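Coordinates in review
Take a look at the letters that make up each chain.
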Amino acid sequence: MDIKELDKKYVAGTYNRFPVEIVSGKGSVVCDVNGREYIDMGSGIGVTSFGIADEEWVKAVTAQLAAVQHTSNLYYTEPCARLAEILCSRTGMKKVFFSNSGAEANECAIKAARKYAAEKKGSEYYKIVTLENSFHGRTLTTLAATGQDKFHTLFNPLTPGFLHIPANDTDILRAMLDKEKIAGVMIECIQGEGGVNPLDAAFVKEIETCCREKDIIFIVDEVQTGNGRSGRLYSYMNFGVAPDVVSTAKGLGGGLPLGATLLGEKVESILGFGDHGSTFGGNPVSCAGAINVISRINEGLLAEIREKSKYIMDELSGCPGIESVTGMGLMIGIKTQKPAAEVVRECMEHNVLCLTAKDKVRLLPALNIPMELVAKAVSVIREAAGK
Ligand SMILES: *Cc1c(COP(=O)(O)O)cnc(C)c1O
């Protein structure tokens with residue numbers, strides 16, 4: 001049986017995979033089982049931050065792999081402690097809880113907000129406000145946080161206590177925070193799965209202001225937008241705000257599972273012994289990969305990300321068949337006249353792998369994708385959208 005059939009027969013049918021079996025690659029070029037090469041404009045949904053089989057990253061990971069691959073959190077390991085220090089010193093946050101995925105990073109953020117509110121105001125202050133069209137994960141709690149009903153049907157009852165409000169409406173935000181007993185507000189500064197939509201800066205600022213006024217925990221979900229993706233280390237840095245909690249995952253480990261919940265001053269001590277935990281969280285191999293990733297996201301790389309972003313947006317905006325281009329950094333959504341899936345399929349026929357987000361074509365290439373590959377991919381996308 002070939003791999004596609006084997007997969008269809010034995011792997012749970014949750015993914016509508018493209019008919020491509022990837023076996024190797026280098027940087028932003030991936031190679032399928034037939035030896036066909038593609039420009040990778042998706043980087044495993046924003047995960048392989050420096051592309052496939054990046055030499056420096058592989059070296060960092062394999063050195064740790066050969067030393068100690070896992071210890072459990074009963075013991076100290078160097079990569080975990082060092083990564084936490086780097087994340088705190090680069091953000092001003094105070095402490096980090098490590099997990100294995102974006103959903104788990106958000107679960108921890110929600111627990112931190114609820115415990116803070118319960119201790120400070122009383123356990124009836126448990127509600128979390130999130131936005132319509134948001135995406136926060138697939139566990140029953142992060143599904144409840146996700147403001148898209150299509151993910152909820154047939155999985156009810158979800159964790160109670162989540163309220164969804166429209167993005168960019170400060171009146172509704174204020175009214176909600178006045179009326180309800182709220183522990184936290186959680187947003188993506190750029191809604192990823194929702195269609196690559198940056199929030200209005202004034203709205204993000206207003207959330208921060210309201211949260212400060214009312215002593216509500218301000219959580220930014222940086223699972224997709226984080227780790228250089230937006231052209232700053234974390235996307236909130238584009239908005240001039242300082243969240244109380246930041247969750248991240250995807251690109252952090254560079255291709256290994258790793259989630260992190262960064263806790264600011266207000267909540268730095270909120271999680272004590274036994275309050276939370278994870279068997280694999282902070283795994284030394286994942287953390288060694290993440291140290292390599294984060295250490296390479298410097299001002300020079302971030303400037304290049306912003307330049308490539310501008311190039312892609314300028315080259316695609318206003319082209320035949322393209323209605324709009326949104327996003328920030330190397331996180332770009334393209335609204336095409338043709339269905340996005342059709343454009344993605346055509347791009348694939350011309351050896352360019354793209355993603356979709358709702359009704360848009362979505363690009364999340366590796367942070368170090370060479371300019372010549374960007375240019376090639378952009379011309380293929382333009383052609384596919386305009387045909
Ligand atoms: C992908 C994503 C998640 C979920 O991450 P998993 O690692 O799949 O659990 C949560 N929030 C946002 C914004 C995401 O893009």
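1. Let's talk about the site of the ligand
The environment of the ligand is made up of S101, G102, A103, N106, F135, H136, G137, E188, D221, V223, Q224 and K250. Q224 has a polar side-chain atom sitting 2.7 Å from an oxygen atom of the ligand. Considering the ligand on its own, with 380 Å² of exposed area, one finds that the protein chains cover 81% of that surface. Counting residues per element, the shell around the ligand draws most heavily on helix α5 (residues 102-120), which supplies three residues. Looking at the shell around the ligand residue by residue, the classes come out as three nonpolar, six polar and three charged.

2. Things to note about the nonpolar core
If you look at the biggest cluster of nonpolar residues, it comprises 81 residues, and the most contacted ones within it are L87 and I187. Each of domain 1 (3-53 + 298-386) and domain 2 (57-296) gives at least three residues to this core. Setting aside residues no more than four positions away along its own chain, L87 makes contact with V96, F98, Y234, L252, A260, L262 and I294. Residues A113, F151, M186 and V245 belong to the second largest nonpolar core, which totals 22 residues.

3. Quick word on the packing of helix α3 (residues 55-67) against helix α9 (residues 284-296)
One can describe the packing of α3 onto α9 by two numbers: an axis separation of 8 Å at closest approach and a directional angle of 150 degrees. With respect to each other, α3 and α9 are oriented roughly antiparallel. Between α3 and α9 lies a crossing of right-handed hand. Of α9, the residues touching α3 (which contributes E56, W57, A60, V61, Q64 and L65) are P284, V285, A288, G289, N292, V293 and R296. Partitioning the contact of α3 with α9 into residue classes produces eight nonpolar, three polar and two charged.

4. With respect to the domain arrangement of the protein
Looking at the protein, the domain boundaries give domain 1 (3-53 + 298-386) and domain 2 (57-296). The interface is formed by 28 residues belonging to domain 1 together with 30 residues belonging to domain 2. Buried area between domain 1 and domain 2, summed over both chains or domains, comes out near 2400 Å², and the portion from carbon and sulfur atoms is 58%. Scanning the region where domain 1 abuts domain 2 turns up one salt bridge.

5. As for a nonpolar patch on the surface
Together, M1, I3, L6 and Y10 give the surface a local cluster of nonpolar side chains, amounting to about 460 Å² of exposed area. Checked against the element boundaries, I3 lands in helix α1 (residues 3-10).

6. Let's talk about the pattern of salt bridges
Throughout the structure, instances matching the rule amount to 24 salt bridges. For the salt bridge of E315 with R382, the shortest nitrogen-to-oxygen distance reads 3.0 Å. One end of the pair, E315, is in helix α10 (residues 299-316); the other, R382, is in helix α12 (residues 371-386), and 67 residues separate them in sequence. Overall, the relative accessible area of 27% leaves E315 in the partly exposed class. When its relative accessible area of 28% is taken as the criterion, R382 is described as partly exposed. Connected through salt bridges with shared partners, the residues D54, E56 and R296 form a single ionic network.

Conventions adopted
For every chain, the first residue of its written sequence is number 1, and the numbers climb from 1 along that sequence. Under the rules for a predicted model, residues below a pLDDT of 70 receive no local features and side-chain atom pairs below 80 are neither given nor counted, while totals for whole chains, interfaces and linings still include all residues. Side-chain numbers here rest on the full set of heavy atoms in the structure, without hydrogens or water. Near residues are defined by distance, with any heavy atom within 4 Å of the molecule or strand qualifying the residue. Two N or O atoms count as a polar contact when they lie within 3.5 Å, although within protein this holds only if one can serve as hydrogen donor and the other as acceptor, and sequence-adjacent residues are included solely when both atoms are side-chain atoms. Working definition of accessibility: Shrake-Rupley area with a 1.4 Å probe, residue cover restricted to the visible protein chains. To qualify as a helix, a DSSP run of H or I must reach at least 4 residues; to qualify as a strand, a run of E must reach at least 2; elements of each kind are numbered from the N terminus. In the scheme used here, Gly and all other residues not listed as nonpolar or charged are polar, with Ala, Val, Leu, Ile, Met, Phe, Trp, Tyr, Cys and Pro taken as nonpolar and Asp, Glu, Lys and Arg as charged. We define the nonpolar core as a collection of buried residues of types Ala, Val, Leu, Ile, Met, Phe, Trp, Tyr and Cys that are connected through side-chain atoms lying within 4.5 Å of one another. When a residue's accessible area, from a 1.4 Å probe over protein chains only, is under 20% of the maximum for its type it is buried; when over 50% it is exposed; and in between it is partly exposed. Domain segmentation is taken from an automatic or database assignment of domains. Whether two residues are in contact is decided by their heavy atoms: any pair within 4.5 Å suffices. Note on geometry: axes are C-alpha line fits, over the in-contact stretch for helices, and angles between N-to-C directions span 0 to 180 degrees. Any angle from 65 to 115 degrees is called roughly perpendicular, while one under 35 is roughly parallel, one over 145 is roughly antiparallel, and all others are oblique. With the far helix as reference, a near helix turned anticlockwise by less than a right angle produces a left-handed crossing, and one turned clockwise produces a right-handed crossing. Put simply, buried area is how much 1.4 Å-probe accessible surface two parts lose in total, over both of them, once they are put together. We define a salt bridge as a side-chain nitrogen of Lys or Arg found within 4 Å of a carboxyl oxygen belonging to Asp or Glu. Like charges within 9 Å and nonpolar side chains (Val, Leu, Ile, Met, Phe, Trp, Tyr) within 5 Å are joined into patches, using only residues over 30% in relative accessible area that form no salt bridge.

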